[in-house]
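So the chains spell out like this:
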Amino acid sequence: MKNEVKRKLKNGEKVLGCFIGTYSPNLVELIGYAGFDFIVIDDEHGAFSHSEIENMIRSAESVNVVPIVRVSYEPSSIQKALDRGAKGIQIPMVNTKEDAEEAVQKAKFPPRGSRGAAYSHRAARFGKDSGKSFLDASDENILVIPHIETLEAAENFAEIMNVDGIDLAFIGTTDLSVNMGFKEEGPKHPEVQKVVNNIYRKAKEKNIIIGTVAADSSSVQDAFDKGASYVGVVAISVILKTMEKIVKENKGETIKS
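Undergrad: Is there a simple way to explain the layout of surface pockets in this structure?
TA: Empty space left among the atoms is revealed by rolling a probe the size of a water molecule over them. Space inside the largest pocket adds up to approximately 900 Å³. T173, T174, V213, A214 and A215 are the residues nearest the centre of the largest pocket, which is lined by 32 residues in total. At the level of secondary structure, the elements contributing two or more residues to the lining of the largest pocket comprise β1 (15-20), α9 (173-179), α10 (190-206), β7 (210-214), α11 (217-226) and α12 (235-251). Looking at the lining of the largest pocket, its residues break down into 13 nonpolar, 11 polar and eight charged. For the second largest pocket, the calculated volume is near 320 Å³. Lining the second largest pocket are 16 residues, with A203, K206, N207, I208 and I209 sitting closest to its centre. Of all elements in the fold, only α8 (157-161) and α10 reach the threshold of two or more residues within the lining of the second largest pocket. Per-element accounting of the lining of the second largest pocket gives the leading share, four residues, to α10.

Right, here's the structure in full:
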């Protein structure tokens, strides 16, 4: 159950992924064939059942894409995602050291955490894997990724990232801009950028891996240049923009707002 994304990040490599908020195993396969490193199944904003998440993970594995789940706020969401076979979790709204500790507790087996142990689920190949070897391998290979997306989280960044078991920090720029009161201006507002740049600075000082979301190819490169190593684009947004571009260039119509 090796995690290729975790290996690459540890080796200082950059990885590129895709957020998916709608149920489509075929889209997962397409993303894999396109050459992305990982997918993020968005169970925070998307509409998925547990079995649908499992099918999305199965599709990711078929094309050698690492499946990550951005979990919901349900107490069992971390357990459910990992038992389905997710190789990592992104946890929204981690604002304090205690929030980060709770996430690690739910993601890791005892004695490091409190994740319930079972071997009849898909992650353990329905019982073919079991015991210490499976439990230790899971703890070692799972990525635990808190979202830094409020001013409180930014202020507590060092404490959050000092929690044992946290692998990287994901900067949620949209939520951060809304949290800071810049609903209209969004992530490009200078005050938001000031906070974001400060997070990058602290991360560089402490050798912390940073992840973030990007809108298109140029903003992916901007994120990498700024110091991110784990960058995801939103699949639906990319598809919509591409379709709009084709319509505009070939029909000369103004894009509907």
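There's more to say after this.
Undergrad: Teacher, can you tell me more about empty space enclosed by the protein here?
TA: Scanning the entire structure with this criterion turns up one cavity of 30 Å³ or more. Estimated volume of the largest cavity: approximately 50 Å³. In terms of lining, the largest cavity is formed by D43, H50, I53, V69, V71, S77, K80, A81 and R84. Classifying every residue of the lining of the largest cavity by side-chain character gives four nonpolar, two polar and three charged.

Undergrad: Explain the pattern of salt bridges here, please?
TA: Oppositely charged side chains can pair when the atoms bearing their charge come close. Tallying each qualifying case throughout the model produces 18 salt bridges. The closest approach of N and O atoms between E102 and K106, which form a salt bridge, is 3.3 Å. Taken as a pair, E102 and K106 lie in helix α5 (residues 97-107) at a separation of four residues, close to a single helical turn. Residue class for E102 comes out partly exposed when judged on its relative accessible area of 42%. With a relative accessible area of 26%, K106 lands in the partly exposed category. Taken together, the shared-partner salt bridges connect E4, R7 and E13 into one network.

Undergrad: Even after reading the chapter, I still don't get the packing of aromatic side chains, so can you show me in this structure?
TA: Geometrically, a pair of aromatic rings is defined through the distance of the ring centres and the angle of the planes. Within this structure, the stated rule accounts for five aromatic pairs. Centroid distance F170 to Y230: 6.3 Å. Interplanar angle 90°. Geometry classified as edge-to-face. In this pair, F170 sits in strand β6 (residues 169-171) while Y230 sits in strand β8 (residues 230-234), placing the two residues 60 residues apart along the sequence. Taken together, the ring pairs in this structure connect F19, F38, F170 and Y230 into an aromatic cluster.

Undergrad: What is the right way to look at the pairing of β8 in this model?
TA: It is a general feature of regular strands that their side chains alternate between the two faces of the sheet. Taken across its five residues, β8 has four buried, putting it largely inside the fold. Inspection of the sheet shows β1 paired to β8 by five bridges, in the parallel sense. If you follow G17 over to β8, its bridge partner there is G232. Pairing analysis gives four bridges linking β7 to β8, with the strands arranged parallel. Following the sheet pairing, V213 is matched in β8 by G232. You can see the chain leave β7, run along α11 and come back into β8, and the turn it takes is right-handed.

Undergrad: How do you make sense of the sheet that holds strand β4 (residues 88-91) when you look at a structure like this?
TA: Pairing between the strands of a sheet comes from backbone hydrogen bonds, and it takes one of two forms, parallel or antiparallel. Taken in spatial order, the eight strands line up as β1-β2-β3-β4-β5-β6-β7-β8 and close into a barrel, and their pairing is parallel. Adjacent strand axes in the sheet meet at a mean angle of 25°, parallel and antiparallel pairs treated alike. Direction of pairing for β1 relative to strand β2 (residues 38-42): parallel, over a ladder of four bridges. Residue pairing across strands places F19 opposite V40, the latter belonging to β2. Relative to β1, helix α2 (residues 25-34) is tilted by about 165°, and along the sheet it contacts β1 and β2. Here α10 sits on the sheet and contacts β5 (143-148), β6 and β7; the angle it forms with β7, its principal contact strand, is near 150°.

Undergrad: What exactly am I supposed to notice about a nonpolar patch on the surface here?
TA: A cluster of nonpolar side chains, V234, I236, I239 and M243, forms an exposed patch at the surface whose accessible area comes to about 320 Å². The dominant element in the nonpolar patch, judged by the number of residues it contributes, is α12, at three residues. Relative to the assigned elements, I236 resides in helix α12.

Rules and cut-offs
Residues numbered from 1 in each chain as written. Predicted model: local features only at pLDDT ≥ 70, side-chain atom pairs only at ≥ 80, totals over all residues. Heavy atoms only, no water. 1 Å grid on protein atoms, 1.4 Å probe; cavity = no way out; pocket = protein on both sides within 12 Å on 5 of 7 lines; lining within 4 Å. Points joined across faces, edges and corners; volume = space filled by probe spheres on them. Helix = DSSP H or I, 4+ residues; strand = E, 2+ residues; numbered from the N terminus. Nonpolar A, V, L, I, M, F, W, Y, C, P; charged D, E, K, R; others polar. Salt bridge = Lys/Arg side-chain N within 4 Å of Asp/Glu carboxyl O. Buried < 20%, exposed > 50% of the residue type's maximum accessible area, 1.4 Å probe, protein only. Phe/Tyr/Trp six-rings, centres within 6.5 Å; stacked < 30°, edge-to-face > 60°. Pairing = 2+ DSSP bridges. Right-handed = clockwise from strand over helix to strand, strands pointing away. Axes fitted to C-alpha atoms, helices over the stretch in contact; angles between N-to-C directions. Contact = heavy atoms within 4.5 Å. Patch = residues over 30% accessible without salt bridge, like charges linked within 9 Å, V, L, I, M, F, W, Y side chains within 5 Å. Areas by Shrake-Rupley, 256 points an atom, 1.4 Å probe, with all protein chains shown as cover.

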